[in-house]
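This is what each chain is made of:
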Amino acid sequence: MKNFVVKTIANAGALAVAVWLLDKITLTGDSTAKKAGTLIVVALIFGLVNFLVKPIVKVLTFPLFILTLGLITLIVNALMLLLTSWVCGKLDLSFHVDGFWTAVLGGLIISVVSWALNLVLPDED
């Protein structure tokens, strides 16, 4: 259970950095507390999308992983971020990613920051 909470906090932190660095990834809210709550919910949705959809996409695009030596991972991460943005739009959450190339750059930022945060945060069950 601790591992799930740690990964969710790392995802929320990584999403916050992407929102802070990129103008086309938006998170709106009345107060900082509302933004933080929305960010936690978005991190849960992002984790759920990565848990359920990403393995299926990786299996279906396995030949492209081999052909591009893994660089297709950037595209898959961008698609997962766009899917998260779409789900958040359907749930009336104030998180939006505007455009594919923004999603590619946002996915790269989220991957690097999440990796760094998972190194720093405790990882025990």
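Quantities reported herein were computed from a predicted structural model and do not represent experimental measurements.

Visitor: So what exactly am I meant to see when it comes to the side chain of Thr61 here?
Guide: Considering the arrangement of structural elements, one finds Thr61 in the loop between helix H3 (54–60) and helix H4 (62–67). Within the structure, Thr61 has its side chain in polar contact with the backbone oxygen of Val57 (distance 2.7 Å).

Visitor: What should I look at first to understand the pattern of salt bridges in this one?
Guide: Pairing of side chains with opposite charge becomes possible as their charged atoms draw close. Inspection of the entire model under this criterion finds one salt bridge. Of the charged contacts in the structure, one is a salt bridge between Lys34 and Asp30, with a shortest N-O distance of 3.5 Å. Overall, Asp30 belongs to the exposed group, its relative accessible area being 71%.

Visitor: Would you take a moment to explain the packing of helix H1 (residues 2–21) against helix H6 (residues 100–120) for this structure?
Guide: Two quantities define a packed helix pair, namely the angle between the axes and the distance from one axis to the other. Contact geometry of H1 with H6 gives a least axis separation of 8 Å together with a crossing angle of 140 degrees. Put simply, H1 runs oblique to H6. In this structure, the crossing between H1 and H6 has a hand that is right-handed. Taken together, the residues of H6 that come into contact with H1 (itself represented by Val6, Lys7, Ala10, Asn11, Gly13, Ala14, Leu15, Val17, Ala18 and Leu21) are Gly106, Ile109, Ile110, Val113, Ser114, Leu117 and Asn118. Partitioning the contact of H1 with H6 into residue classes produces eleven nonpolar, five polar and one charged.

Visitor: Looking at this structure, how should I read H1?
Guide: Owing to its 3.6 residues per turn, the α-helix aligns residues three or four sequence positions apart on the same side. For H1, which comprises 20 residues, the first-to-last C-alpha distance of 29 Å matches the rise-based estimate of 28 Å (1.5 Å per residue) to within 8%. Regarding H1, the residues found buried are Asn3, Val6, Thr8, Ala10, Asn11, Ala12, Ala14, Leu15, Ala18 and Val19. Residues of H1 that are buried in the fold lie against strand S1 (25–27), helix H2 (32–52), helix H5 (72–90), strand S2 (95–97) and H6.

Definitions and cut-offs
- Residues numbered from 1 in each chain as written.
- Predicted model: local features only at pLDDT ≥ 70, side-chain atom pairs only at ≥ 80, totals over all residues.
- Heavy atoms only, no water.
- Helix = DSSP H or I, 4+ residues; strand = E, 2+ residues; numbered from the N terminus.
- Polar contact = N/O pair within 3.5 Å; in protein donor to acceptor, adjacent residues only side chain to side chain.
- Salt bridge = Lys/Arg side-chain N within 4 Å of Asp/Glu carboxyl O.
- Buried < 20%, exposed > 50% of the residue type's maximum accessible area, 1.4 Å probe, protein only.
- Axes fitted to C-alpha atoms, helices over the stretch in contact; angles between N-to-C directions.
- Parallel < 35°, antiparallel > 145°, perpendicular 65-115°, else oblique.
- Left-handed = near helix turned anticlockwise from the far one by under 90°.
- Contact = heavy atoms within 4.5 Å.
- Nonpolar A, V, L, I, M, F, W, Y, C, P; charged D, E, K, R; others polar.
- Expected span 1.5 Å × (residues − 1).

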